Amino acid sequence: MLLCVNTNRPWSSIPPTLVLLQKCKTRNDVNQVHARMITTGLINNTRLSTKIILTFISSPHTPLVEFARHVFFTHHAFQTRLEEEDPFLWNAVIKSYSHGSDPKQALVMFCLMLENGVCVDEFSFSLVLKACGRLGMVKEGLQIHGLLKKMEVGSDLYLQNSLMSWYLRCGSIEFARQLFDKMPKRDSVSYNLMIDGYVKSGMIELASELFDCMPTEDKNLVTWNSMLSGYARLDNGLNIAWRLFEIMPERDLVSWNTMINGCVKVRKVEDAHSLFNRMPKRDIVSWANLIDGYSKLGNIDLARSLFDKMPDRDVIACNAMMTGYVSNGYYMEALEIFWQMQKGDMSPDVATLLIVLSAVSQLGHIEKGVAIHCYIEENEFSLGGKLGVALIDMYAKCGSIENALTVFEDTEERNVDHWNAMIGGFAIHGLGAMAFSLLMEMERLSVKPDDITFIGALNACGHAGLVKEGLMCFELMRRVHKLEPKMQHYGCIVDILGRAGHIEEARSFIEEMPVKPNDVVWRTLLGACKTHKKFNIGEPIAKSLIRQDSCDPSFYVLLSNMYAGLGLWDDVRKVRMMMRERNVKKLPGCSKIEIEGVVHEFLVQDKSHPQVRDIYSMLNGLWSSNSEVTCCR
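The notes below deal with the structure included here. Sequence order as written defines the numbering, with residues in each chain counted from 1. Note on the predicted model: pLDDT of at least 70 is required for a residue's local features to be given, and 80 or more for side-chain atom pairs to be given and counted; whole-chain, interface and lining totals, by contrast, use all residues. Side-chain measures here rest on the full set of heavy atoms in the structure, leaving out hydrogens and waters.

### Regarding the overall build of the protein chain
Definition in use: Runs of H or I in DSSP of at least four residues are treated as helices and runs of E of at least two as strands, each being numbered from the N terminus. Throughout this description, buried means an accessible area under 20% of the type-specific maximum (1.4 Å probe, protein chains only), exposed means over 50%, and partly exposed covers the range between. We call two residues in contact when some of their heavy atoms are within 4.5 Å. Note that accessible areas follow from Shrake-Rupley with a 1.4 Å probe, and for residues the cover is restricted to the protein chains shown.
For the protein chain, the count of helices and strands is 35 helices and two strands. Going through the 633 residues of the protein chain one by one, you find that 45% of them count as buried. Counting contacts in the protein chain only where the partners sit at least 6 residues apart, residues at least 24 apart contribute 56% of the total. When the accessible surface of the protein chain is totalled, it reaches about 34000 Å², and 52% of it is carbon and sulfur.

### Thoughts on a negative patch on the surface
To keep things clear, this is the line we draw: Exposure above 30% relative accessible area and no salt bridge define the residues that can form patches, which grow by joining like charges within 9 Å and nonpolar side chains of Val, Leu, Ile, Met, Phe, Trp and Tyr within 5 Å. By definition, a salt bridge exists where a carboxyl oxygen of Asp or Glu is found within 4 Å of a side-chain nitrogen of Lys or Arg. His is not counted, nor are the chain ends; Lys and Arg add positive charge and Asp and Glu add negative charge. We put the charge of a Lys on NZ, of an Arg on CZ, of an Asp on CG and of a Glu on CD.
Together, Glu 377, Glu 378, Glu 409, Asp 410, Glu 412 and Glu 413 make up a negatively charged patch on the protein surface. Relative to the helices and strands, Glu 409 is located in helix α24 (residues 401-410). Glu 409 gets classed as exposed once you look at its relative accessible area, which sits at 54%.

### Observations concerning the packing of aromatic side chains
We apply this condition: Each aromatic pair joins two rings of Phe, Tyr and Trp (for Trp, the six-membered one) with centres within 6.5 Å, and gets the label stacked for planes under 30 degrees apart, edge-to-face for over 60, and tilted for any other angle.
Enumeration according to the criterion identifies 19 aromatic pairs in this entry. Ring centres of Phe 110 and Phe 125 lie 5.3 Å apart, and the angle between their planes is 65°; this geometry places the pair in the edge-to-face category. Remark: Phe 125 occurs in helix α7 (residues 122-135) and Phe 110 occurs in helix α6 (residues 104-115); sequence separation between them is 15 residues. Taking the relative accessible area as the measure of exposure, Phe 125 reaches 0% and is therefore buried. Between the aromatic rings of Phe 211 and Trp 224, the centroid separation amounts to 5.1 Å while the plane-to-plane angle is 80°, which identifies the pairing as edge-to-face. Linking Phe 211 in helix α12 (residues 204-213) with Trp 224 in helix α13 (residues 221-233), this pair joins segments that are 13 residues apart in sequence. Note on Phe 211: relative accessible area 7%, which makes it buried.

### What about helix α9 (residues 157-169)?
The cut-off we apply is this: Any helix carries an expected span of 1.5 Å times its number of residues minus one. Two N or O atoms form a polar contact when they lie within 3.5 Å of each other; inside protein one atom must be a possible hydrogen donor and the other a possible acceptor, and for residues adjacent in sequence the pair counts only when both atoms belong to side chains.
Taking 1.5 Å per residue, 13 residues should reach 18 Å; α9 reaches 18 Å between its end C-alpha atoms and fits that length. Leu 159, Gln 160, Asn 161, Ser 162, Leu 163, Met 164, Trp 166, Tyr 167 and Leu 168 are the residues of α9 that are buried. The N-cap of α9, judged by a side-chain oxygen 3.0 Å from the amide nitrogen of Tyr 158 a few residues on, is Asp 156. Immediately beyond the C-terminal end of α9, within one or two residues, lies Gly 171, with a positive phi of roughly 80°.

Structural data, given as structure tokens:
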């Protein structure tokens, strides 16, 4: 930034300095202005420094906020008799922390005021309570509650509502209700806070009781919308939501969108569309909800038609359409929207990137994945959350375990999900030893694993034939981390033992399981019996399962394959005949191939592909050529 000094408006004047500061966007810009203010002595002007604090403390530009704080601490805090100091400027600075990215500093400043005798008022308390609520700080909030009881402002209605809001944010709904019941006076904010707290906690009946006893004059749109949202969330509450919606004294966009979303949730998309058509005014959320509804029904063409008709689009609408494409298997179409967003003036957010990484993972198209990774780096997105996890998963599924490991190692703020994604990636590539080693590294660094961690590690051990390590993982989960094994964990152990040929041990393990094994566990054992030709164990199990669940085709197929492996063709025919008599159909196998960015899907004995004749002609040609070569030999 180039500073230009106007000789008609000298640096000793306040207005041009403020105007110049408003143009500052970077730390370097602010430093230049600050340096000039110091050399001219203007920084010592109390009136200017006060205006700087009040004007820029809530700026969207971080350098200006930091400068306002610096001016406050350097030229205002502790410069007068503190017991007489008006807390107005202090509150402004506290608000910048409590509403900003570092709410903990609001509590630090509040403590600083108390320690130095600075007067605190109801706004000081409400701001620090908001900070405690955002951070879920229970102990500190209770201390503030105790301090409020000792001060005259403690019974102030505004502060009582702030205190109740803090309790609700911390999940202490019972304490919030106790405070509510003891309040000498309540207003609509008090009722709305408590009703909203009940709704968000799923306690719709208690919310309804409070709604019914709430004075009619205190009920407003917020109240009605809270109740509407509560019932619309329930699987069986849509009818009640409809009745509330019809008797509401007034409605706004939130009311209409809540009902549309409620209808979409229970797949009543036609009702949602009817509401959409009745709306006096629509916003992007209205369109996005309807697009989401049709996508969930698999009607992707109608969803796209709505998307194309939208008068305005934002990231939310694009994400809804992309999610619809991905969930219905149209991965290239989802990526196309992403590229269009980049070409336009729309900035993709983290949710967008998670969707496109999922699409790339399904396609296995690593070049597109690398391009998205470059976009993430260029736009300085953090990999400490879900985005880093998705990136590791994408590289692993696209076949580049090296890139996945690089992302994992370069991510500084890793959580258990990052470790899980990397262990899962090793499992996909059959690198059981590396997955087990990574689990041991988690132990060394005291990173607490979860049940997903052990599913990944057990799968990896199974694919690599690491029986001893797999059993160690299982015991580590149960005995050290006290995690109760789920059906997937038991299934993994059966798979580990079965792959290694320990069929008797696998069967004994199933018999000793504290939970009833599901069909996946039994299929795993039967598959191992087929592979290792343990017909004497597999046949009675398969016959028993067929009697218990005559509709599952997998048991029939496994038994048939076992017979075929032994050359017992009469028994194979009997099983196939049984399947036909009981109308049990085997799910066809499916293959996918990508050619020039287009994914082609083929099912067994499927002739629906538009180029099926050319494909079979080519295959017949290859078969003929292969036969000729065989004959020549």
